[in-house]
Amino acid sequence: MFVDSHCHLDKIKEVQTNGVGPTLARAEQAGVEHVLCVAVTLDDYPVMRRAIGEQINVSFSCGLHPLYMKDQQLDVSKLTELVRDPQVVAVGETGLDYFYDKEFHAQQQSSFEQHIRVACEIEKPLIIHTRDAHADTIRMLREGSAEHCGGVLHCFTESLRMAEEAMEIGFYISISGIVTFANADELRETVKKIPLERLLIETDSPWLAPVPHRGKENEPAFVHEVARCVAALHGVSVEQVAEVTTNNFYTLFNSVKKII
Ligand SMILES: [Zn+2]
Ligand SMILES: [Zn+2]
């Protein structure tokens, strides 16, 4: 059975119109046993929770995404309060995105630093979004002693060197549907060299639908396409990828088992 380690269920149009039931039913049919649903702002978090309701196979994360902070400051005490909820199994997504954002690097860094501090304080892992910010991301994780809380670099598209540096401090690397894209040869070479024991798989739905669903809205059921691609790259069966990445997920997000 698979786990979709990162998605935004509440942003899926079908969920917005028909509720989460049909989407989760298809995921279950596709062998997805658990889904981690990630909030992108603190105000979004209660809205997301209301949209999803109580689901036995969905857990939550809460943070302020680096690309959603142009018009807001991180309220650290509110973040701390929200992530203390037992249903919240991780802090984020947070991180640094210098690819899309050329102006707000200082704000992103200050927010990222606070997320690392909160994650270490409450002992929950970090979900990190990082793009074109290799040196600063790794430096801030080291300076914040993030090895104490652990975490994952989600939707990873960066270099093997960066993956190695993250793994040195105990972090996992999560692979999205981008790995199936025609132009992703470099990422596929990188994924081949990351041990299965450090990998997670995700959809990041509703975005980034994998081949052969390009152009469609992405959903957790499609995580098996990511698993299939990772299996081919590692020369192992899809079942083995499912087993190892699912174990990795429960090892990292170790409070999930307590709530299901
Ligand atoms: Zn992200
Ligand atoms: Zn995301």
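All of the points below concern the structure found in this document. Predicted, not measured: the structure shown is a model, and the values here were computed from it.

A closer look at the overall build of the protein
Here is step 1: Looking only at helices and strands, the protein features 11 helices and eight strands.
Here is step 2: Its C-alpha atoms put the protein at 40 × 40 × 35 Å along the principal axes.
Here is step 3: When burial is assessed residue by residue, the protein has 49% of its 260 residues classed as buried.
Here is step 4: Once local pairs closer than 6 in sequence are excluded, the contacts in the protein between residues at least 24 apart make up 73%.

Considerations on unusual backbone geometry
Here is step 1: In the segment running from Ser205 into Pro206, the intervening peptide bond is cis, with an omega of 15°.
Here is step 2: Here Val211 and Pro212 are connected by a cis peptide whose omega angle stands at 10°.
Here is step 3: The topology assignment puts Pro212 in the loop between β8 (199-201) and α9 (223-234).
Here is step 4: Notably, Asp204 is not glycine yet its phi reads approximately 55°, a positive angle.
Here is step 5: For Leu208, which is not glycine, the phi torsion reads 60° and is therefore positive.

Here we look at the nonpolar core
Here is step 1: If you look at the biggest cluster of nonpolar residues, it comprises 77 residues, and the most contacted ones within it are Cys37, Leu126, Ile173, Ile175, Ile201 and Val230.
Here is step 2: Broken down by element, the residue count for this core peaks at six residues, all from α9.
Here is step 3: Not counting residues up to four positions away in its chain, the partners in contact with Val230 are Ile175, Val179, Val191, Leu199, Ile201 and Val241.

Description of helix α6 (residues 134-143)
Here is step 1: Taken as a whole, α6 has its buried residues at Thr137, Ile138 and Leu141. Burial along α6 is one-sided: seen end-on, the buried residues are contained in an arc of 90°. Among the exposed residues of α6, those pointing more than 90 degrees away from its buried face are Ala135 and Glu143.
Here is step 2: Structurally, α6 contributes buried residues whose contacts are with β4 (88-97), α5 (105-122), β5 (126-131) and α7 (160-168).

Some points on the pairing of strand β7 (residues 172-175)
Here is step 1: By the alternation rule, side chains of β7 split into Tyr172 and Ser174 and Ile173 and Ile175, which are all buried.
Here is step 2: Alignment of strand β6 (residues 151-153) against β7, held across two bridges, turns out to be parallel. Following the sheet pairing, Leu153 is matched in β7 by Ile173.
Here is step 3: Of the crossover connections in this fold, the one passing from β6 over α7 to the parallel β7 is right-handed.
Here is step 4: Relative to β8, β7 is paired through three bridges, and the arrangement is parallel. When the sheet's bridge partners are listed, Ile175 is paired in β8 with Ile201.
Here is step 5: Each parallel crossover has a hand, and for β7 linked through helix α8 (residues 185-193) to β8 it is right-handed.

Here we look at the packing of α9 against helix α10 (residues 238-252)
The geometry of a pair of packed helices is captured by two quantities: the angle between their axes and the separation between those axes.
Here is step 1: It is at 8 Å that the axes of α9 and α10 come closest, and there the two elements cross at 110°. As judged from the angle between their axes, α9 and α10 are roughly perpendicular. The residues of α10 that touch α9, namely those facing Ala227, Arg228, Val230 and Ala231, are Val238, Gln240, Val241 and Ala242.
Here is step 2: Each residue belonging to the contact of α9 with α10 can be placed in one class, and the counts come to six nonpolar, one polar and one charged.

A look at the pairing of β5
Here is step 1: Of all six residues that make up β5, five are buried, and the element is covered over most of its length.
Here is step 2: With five bridges connecting them, β4 and β5 associate as parallel partners. Bridging across to β5, Asp97 finds its partner in Arg131.
Here is step 3: In this view, the connection linking β4 to its parallel neighbour β5 by way of α5 has right-handed handedness.
Here is step 4: Strand direction decides the pairing type here: β5 and β6, joined by three bridges, are parallel. Bridge assignment links Ile127 to a residue of β6, and that residue is Val152.
Here is step 5: Handedness of the crossover is the feature at issue here: the chain leaves β5, passes through α6, returns alongside β6, and the resulting connection is right-handed.

Criteria and cut-off values
Residues numbered from 1 in each chain as written. Chains lettered and ligands numbered in written order. Predicted model: local features only at pLDDT ≥ 70, side-chain atom pairs only at ≥ 80, totals over all residues. Helix = DSSP H or I, 4+ residues; strand = E, 2+ residues; numbered from the N terminus. Buried ≥ 20, exposed ≤ 12 C-beta atoms within 10 Å, placed from the backbone. Contact = placed C-beta atoms within 7 Å. Core = buried A, V, L, I, M, F, W, Y, C linked by C-beta atoms within 7 Å. Arc of directions from axis to C-beta. Pairing = 2+ DSSP bridges. Right-handed = clockwise from strand over helix to strand, strands pointing away. Axes fitted to C-alpha atoms, helices over the stretch in contact; angles between N-to-C directions. Parallel < 35°, antiparallel > 145°, perpendicular 65-115°, else oblique. Nonpolar A, V, L, I, M, F, W, Y, C, P; charged D, E, K, R; others polar.

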